Amino acid sequence: MGAGGRTSVPTSKQEQQKNPIHRVPHSKPPFTLGEIKKAIPPHCFERSLLRSFSYVFYDLSLVFLFYYVATSYFHLLPLPFRYLAWPIYWALQGCVLTGVWVVAHECGHHAFSDYQWVDDTVGLVLHSALLVPYFSWKYSHRRHHSNTGSLDRDEVFVPKPKSKIPWYSKYLNNPLGRVLTLTATLTLGWPLYLAFNVSGRPYDRFACHYNPYGPIYNNSERLQIYISDVGIVAMTYVLYRVALVEGLAWLVCVYGVPLVIVNAFLVLITFLQHTHPALPHYDSSEWDWLKGALATVDRDYGVLNKVFHNITDTHVAHHLFSTMPHYHAMEATKAIKPILGEYYQFDGTPFIKAMWREARECLYVEPDEDTPTKGVFWYKNKF
């Protein structure tokens with residue numbers, strides 16, 4: 001099916017050995033978005049309904065295969081092997097369901113097909129099944145893409161200046177503190193963001209993805225926020241009925257733990273895409289859309305790049321052309337790298353090591369003291 005045959009963008013040994021902490025340029029790029037687009041083969045912007053659905057079919061086939069094996073055979077295993085089998089199931093199912101999440105994300109960008117109603121229908125069903133309010137996130141995520149890298153208007157993982165970080169942060173700047181912070185972020189970060197806008201853009205009043213009348217949304221979007229809420233309520237009711245029949249422990253093992261893994265990967269992927277010592281953030285005096293879109297980094301997750309439909313290692317291209325289907329993003333990335341030059345950032349550090357490094361190095365943002373460009377902020381960690 002169309003879900004096979006994709007690999008990471010190949011990099012030379014020289015590029016792989018390049019210092020990943022070397023800062024990317026923050027001056028106005030010597031190229032335009034139009035010039036970048038001209039470098040990409042035109043077919044990369046074509047959306048195929050059949051090919052997009054092949055990824056849905058492929059992922060869901062794996063989901064149901066893992067479910068069938070776990071529920072049909074695990075109870076037949078000797079007791080010690082059950083304790084080994086379930087973690088393997090959780091890891092595999094969580095990773096594949098993250099791929100399902102990515103396909104729904106594609107729908108939110110109108111990159112799934114040429115038909116908006118198809119994209120929204122598929123996205124609503126898939127995201128609701130993962131307890132994601134589809135339209136609510138679609139609109140806030142769209143604003144993230146419109147304001148990436150802006151300290152004033154970006155929507156998610158907006159870093160704080162040193163003067164605004166909590167007083168207790170310096171006490172967490174040690175190995176134990178980082179373990180606690182990362183554990184809380186990966187397990188609770190996504191639901192806290194949806195419910196309380198934690199790590200999101202500050203608003204003048206309470207912001208919540210489930211509230212149609214919250215400050216995140218405008219009047220034309222409120223009806224669809226209600227539809228998202230209905231999807232969440234419907235899925236919650238389905239889970240409630242399943243728990244009554246199969247038991248809560250069964251539901252947690254089959255669905256709950258994989259969902260926690262999905263949420264953890266979602267937070268980790270987003271965190272690493274936008275958090276890096278080499279990436280700048282801008283205030284309103286320096287920000288523009290293209291500079292913000294380039295303030296992202298492609299990462300290497302090994303075999304998981306393919307499982308996650310290359311959302312991990314083609315993120316720069318995705319921010320430049322978000323309606324491009326993911327199955328063309330690898331080719332597009334290879335095409336734009338010569339144009340972007342030093343403005344393209346790739347870091348092949350293993351993602352676990354990168355997560356730890358970024359948690360240690362990227363605590364707040366400040367302008368450099370010895371530069372006239374006070375609107376350009378860099379990650380720092382010294383208290």
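Preceding block: the structure.
Our subject in this report is the structure included herewith. Note that the structure is predicted; figures quoted are calculated from it, not measured. (Residues numbered from 1 in each chain as written. Predicted model: local features only at pLDDT ≥ 70, side-chain atom pairs only at ≥ 80, totals over all residues. Heavy atoms only, no water.)

1. Focus on the packing of helix H3 (residues 49-73) against helix H4 (residues 79-108)
Note the cut-off: Axis angles are defined between N-to-C directions and span 0 to 180 degrees, where every axis is a line fitted to C-alpha atoms and, for a helix, only to the segment in contact. Secondary structure elements follow DSSP: runs of H or I no shorter than four residues count as helices, runs of E no shorter than two count as strands, and numbering proceeds from the N terminus. Orientation is classified from the angle alone, with under 35 degrees giving roughly parallel, over 145 giving roughly antiparallel, 65 to 115 giving roughly perpendicular, and any other angle giving oblique. Each crossing gets its hand from how the near helix is turned against the far one by less than a right angle, where anticlockwise is left-handed and clockwise is right-handed. Whether two residues are in contact is decided by their heavy atoms: any pair within 4.5 Å suffices. Only Asp, Glu, Lys and Arg are considered charged, only Ala, Val, Leu, Ile, Met, Phe, Trp, Tyr, Cys and Pro nonpolar, and every remaining residue, Gly among them, polar.
The interhelical angle for the contact between H3 and H4, taken along N-to-C directions, is 160 degrees, at an axis separation of 10 Å. Judged by the angle between their axes, H3 and H4 are roughly antiparallel. Two packed elements cross with a definite hand, and for H3 against H4 that hand is left-handed. The residues of H4 that touch H3, namely those facing Tyr-55, Val-56, Asp-59, Leu-60, Leu-62, Val-63, Phe-66, Tyr-67 and Ala-70, are Trp-86, Tyr-89, Leu-92, Gln-93, Val-96, Leu-97, Gly-99, Val-100 and Val-103. Taken together, the residues that form the contact of H3 with H4 break down as 15 nonpolar, 2 polar and 1 charged.

2. Here we look at the sheet that holds strand S4 (residues 364-366)
For clarity, the threshold we go by: Note on pairing: DSSP must find at least two bridges between two strands before they are called paired.
With antiparallel pairing, the 3 strands of this open sheet are ordered in space as S1-S5-S4. With partners counted over all chains shown, the strands left at the sheet margins are strand S1 (280-282) and S4, one partner each. With strand direction ignored, the average angle separating the axes of adjacent strands in the sheet is 40 degrees. Here S4 runs beside strand S5 (residues 376-380); their pairing, made up of 3 bridges, is antiparallel. Paired with Tyr-364 across the two strands is Lys-380, which belongs to S5.

3. Comments concerning the state of the cysteines
The term disulfide refers to a covalent linkage connecting the sulfur atoms of a pair of cysteines. Here is the rule: For the purposes of this analysis, a disulfide is any pair of cysteine sulfur atoms at a distance within 2.5 Å. A 1.4 Å probe rolled over the protein chains alone gives each residue an accessible area, and that area as a share of the maximum for its type sets the label: buried under 20%, exposed over 50%, partly exposed in between.
Counting across every chain of the model gives 0 disulfides. Here Cys-44 stays free of any disulfide, with the sulfur of Cys-107 as its closest cysteine sulfur at 20 Å. Judged by its relative accessible area of 0%, Cys-44 is buried. No disulfide involves Cys-253; its nearest neighbouring cysteine sulfur is the one of Cys-95, lying 18 Å away.

All quantities given are derived from atomic positions and should not be read as evidence of function.
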